[in-house]
Amino acid sequence: FTMASLDGSRSGSLATEQGSDGPRVGKYTVTMREWEPIALPALDSALTGSSEVLVMDEIGKMELFSNGFVDRMRRLLHA
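Please read all numbers here as calculations on a predicted model, not as lab measurements.

Student: What's the story with helix H2 (residues 67–78) in this structure? I'm lost.
Tutor: An α-helix turns once per 3.6 residues; consequently, residues spaced three or four apart project the same way. Over its twelve residues, H2 extends 17 Å from the first C-alpha to the last, a length consistent with the 16 Å expected when each residue adds 1.5 Å. In this structure, the buried side of H2 is in contact with helix H1 (32–48).

Given below as C-alpha cells:
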C-alpha cells in the first residue's frame, strides 16, 4: 500500500506485512508515522486553498485510524 504526492516529491507506505508497531487490518500493520507526514500536509494545503487539486484514490479502514486524517477530511467535505 503505497501513497505519493502528485508532484512525486514524497512517497511512503500506508501499511506493511512486516510491521508490528501500529494498528492492524488483517495481516497488515498501518504505518501511521510514514503516511501521516505525507497525507496531512496535503489535506492542510487543500483546506487553506493553496492547492488547486486534491486527488483521493480510496479511503478505507486503514486511513480511518488517523484522527487527523478523519478531521481534515470531514472539514474538506463540509467546505
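Student: Could you clarify how one ought to interpret the packing of aromatic side chains in this entry?
Tutor: The description of an aromatic ring pair uses the distance of the two centres, along with the angle that the planes make with each other. For the structure shown, the criterion picks out two aromatic pairs. Seen from their ring centres, Phe1 and Tyr28 are 4.9 Å apart, and the 90 degrees between their planes marks the pair as edge-to-face. Taken together, the positions of Phe1 in the segment before strand E1 (2–4) and Tyr28 in strand E5 (residues 28–30) put the pair 27 residues apart, joining distant regions of the chain. For Tyr28, a relative accessible area of 23% translates into the label partly exposed.

Student: Explain H1 here, please?
Tutor: With 17 residues, H1 should reach 24 Å at 1.5 Å per residue; the first-to-last C-alpha distance of 23 Å fits that figure. Within H1 the residues assigned to the buried category are Met32, Trp35, Ile38, Ala39, Leu40 and Leu43. In this structure, the buried residues of H1 make contact with E1, strand E2 (11–13), E5 and H2.

So, how was this worked out
- Residues numbered from 1 in each chain as written.
- Predicted model: local features only at pLDDT ≥ 70, side-chain atom pairs only at ≥ 80, totals over all residues.
- Heavy atoms only, no water.
- Helix = DSSP H or I, 4+ residues; strand = E, 2+ residues; numbered from the N terminus.
- Expected span 1.5 Å × (residues − 1).
- Contact = heavy atoms within 4.5 Å.
- Phe/Tyr/Trp six-rings, centres within 6.5 Å; stacked < 30°, edge-to-face > 60°.
- Buried < 20%, exposed > 50% of the residue type's maximum accessible area, 1.4 Å probe, protein only.

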